[in-house]
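# Observations on chain architecture
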Amino acid sequence: MEIRQIQYFLEAAKREHITEAADSLHVAQSSVSRQIFNLETELGVELFIREGRSVKLTPLGNVFFERMKQVWSMMEDAKREVEESLDPEKGTVRIAFPISMAAHTLPSIIYSFRTRYPEAKFHMSNALYHDLIDGVINGEFNLAMIAPMPNREKETKIKGATLFTENIVALLPLHHPLSKQKEIQLKDLKDDFFCVLPEGFVFRDQVVTACLDAGFSPQIAFEGKDIDALKGLVSAGLGVALMPEMTLVDNTPRSTCVIPLSDNNLTRTVGVIYPTHRKLLPTELLFYQFLLETYERLNEFKK
């Protein structure tokens, strides 16, 4: 197998179209078709089901695709490791994060890091909780910010560190009867309609569990696709929502108020994870150490 064959195969599999793959690679479509044909001939199997220029992976093709993604990622990492070893301060950090950290947490830490290392670059993507874990394990990225931190006994393929613990707070419409309170208990909201994230979001599960622990089942009236959507629903007076405190820093919507909750267990851990079976590349290791140092300093300051 040649590197070019693998590259062309991966691009065609990802786009499910020969012409689009060729356009992305800036080569003729005949070149893509020929390289894939040569690869299939060498392997002795068909990797694609062809319908004109559209292609679909065969069952064996799908197995080969998953393996080749990992191989390609390792090759790219090896190349980057050599380059970054010469100057880690100019390399690239591949990191993923949940959407709840997009507005404040991650931009703030990246800004601080690039103040110290201005030539460092970032390749960022966001994903759901379990996709963050799978992405780190499978090599889509080497670092992920995550909340809450996974159970280390269950997740043996990742390591990491808890950076800080943040409070969960209540976001209420301004006209809510409890809006003038300095703090409330979660059970005070048992008669309210709740705005929550959709099924599959870990934070939704945390909200429901917290309400059950407080002695009531939340009346779920609306679902928002992300934290900003929940803010909009509450701002419109359609219900109340529980929020990670960090998501409201410098970004509390009009017509709402933030009320602390006195329940002791309403917190979530925020941390960073990386794979146990791959080394962090030089620039990523630099960023990981920067995270640990920065939040250790901030946590000491809070004490």
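Residues numbered from 1 in each chain as written. Predicted model: local features only at pLDDT ≥ 70, side-chain atom pairs only at ≥ 80, totals over all residues. Heavy atoms only, no water.

For the protein chain, the name recorded in an unreviewed UniProt entry is LysR family transcriptional regulator, with Niallia hominis as its organism.

### Some points on the packing of helix H2 (residues 18-25) against helix H3 (residues 29-43)
In plain terms, the rule: Working convention: axes come from line fits to C-alpha atoms, limited for helices to the stretch in contact. Angles between N-to-C directions cover 0 to 180 degrees. Helical segments are the DSSP runs of H or I of at least four residues, strand segments are the runs of E of at least two, and each set is numbered from the N terminus. Roughly parallel here means an angle under 35 degrees, roughly antiparallel means over 145, roughly perpendicular means 65 to 115, and every remaining angle is called oblique. Here, two residues are considered to be in contact whenever any of their heavy atoms come within 4.5 Å of each other. Throughout this entry, Asp, Glu, Lys and Arg are counted as charged residues, while Ala, Val, Leu, Ile, Met, Phe, Trp, Tyr, Cys and Pro are counted as nonpolar. The remaining residues, Gly among them, count as polar.
Relative to each other, H2 and H3 sit at 110°, their axes nearing to 8 Å. Regarding the angle of H2 to H3, the classification is roughly perpendicular. Only Gln-29, Val-32, Ser-33 and Ile-36 of H3 make contact with H2, whose side of the interface consists of Ile-18, Thr-19, Ala-22 and Leu-25. Class assignment for the residues of the contact of H2 with H3 results in five nonpolar, three polar and no charged.

### A few points about the UniProt feature "domain: HTH lysR-type" (unreviewed entry) in the protein chain
What counts is decided by this rule: UniProt positions are given in the numbering used here, feature names are shortened, and annotations may be inferred rather than shown by experiment.
Under the UniProt annotation, the feature "domain: HTH lysR-type" (unreviewed entry) is placed at residues 1-58. Secondary structure over residues 1-58 splits into 62% helix and 14% strand, and the C-alpha atoms at its two ends are 19 Å apart.

### With respect to helix H7 (residues 202-213)
Let me state the cut-off plainly: To estimate how far a helix should reach, multiply one less than its number of residues by 1.5 Å. Burial classification: accessible surface area is computed with a 1.4 Å probe over protein chains only, and a residue below 20% of its type maximum counts as buried, one above 50% as exposed, and the rest as partly exposed.
Between its first and last C-alpha atoms H7 spans 16 Å; for 12 residues at 1.5 Å apiece the expected length is 16 Å, and the two agree. Restricting attention to buried positions, one finds in H7 the residues Val-202, Phe-203, Arg-204, Val-207, Ala-210 and Cys-211. Packing partners of the buried residues in H7 comprise helix H6 (129-138), strand E6 (158-173), strand E7 (193-196), strand E8 (219-223), strand E9 (241-244) and strand E11 (267-275). Where H7 ends, the next residue or the one after it, Gly-215, has phi of about 100°, a positive value.

### So, the layout of surface pockets
Where empty space is left in the structure can be found by rolling a water-sized probe over the atoms. Here is the rule: Two kinds of site are reported from a 1 Å grid over the protein atoms alone, namely cavities, where a 1.4 Å probe fits but cannot get out, and pockets, open sets with protein on both sides within 12 Å along at least five of seven lines, and residues are called lining when an atom falls within 4 Å of a point. Grid points are joined across faces, edges and corners, and a volume is the space filled by probe spheres set on the points.
Its boundaries defined by the atoms lining it, the largest pocket holds a volume of some 560 Å³. What lines the largest pocket is a set of 16 residues, and nearest its centre among them are Leu-10, Lys-69, Gln-70, Trp-72 and Ser-73. If you list the elements that add at least two residues to the lining of the largest pocket, you get helix H1 (3-15) and helix H4 (59-86). Tallying contributions element by element places H4 first for the lining of the largest pocket, with eight residues. Residues belonging to the lining of the largest pocket are distributed by class as follows: three nonpolar, five polar and eight charged. Residue lining of the second largest pocket: 18 residues in total, with Pro-98, Ile-99, Ala-127, Leu-128 and Phe-201 positioned closest to the centre. Residue composition of the lining of the second largest pocket, grouped by class: 13 nonpolar, two polar and three charged.

### Some details on the state of the cysteines
Worth spelling out the cut-off: Two cysteine sulfurs form a disulfide in these notes if their separation is within 2.5 Å.
With the rule as written, the count across this model stands at zero disulfides. Cys-195 takes part in no disulfide bond, and the closest cysteine sulfur to it belongs to Cys-211, at a distance of 12 Å.

### Things to note about unusual backbone geometry
Ala-147 connects to Pro-148 through a cis peptide bond whose omega is -5°. With phi around 55°, Glu-16 is a residue other than glycine that occupies positive phi space. Tracing the sequence through the fold places Glu-16 in the loop between H1 and H2. Residue Glu-16 is classed as partly exposed on the basis of its relative accessible area of 36%. A positive phi is found at His-26, a non-glycine position, where the angle reads about 60°.

### Some details on the side chain of Asn-142
The cut-off we apply is this: Under the rule applied, a polar contact is a pair of N or O atoms within 3.5 Å (in protein, one hydrogen donor and one hydrogen acceptor; residues adjacent in sequence only if both atoms are side-chain atoms).
Within the element layout of this structure, Asn-142 appears in the loop between H6 and strand E5 (143-146). At 2.9 Å, the side chain of Asn-142 and the side chain of Glu-284 are in polar contact. In contact with Asn-142, not counting residues within four places along its chain, are Asp-77, Arg-94, Val-136, Ile-273, Tyr-274, Pro-275, Arg-278, Lys-279, Leu-280, Leu-281 and Glu-284.

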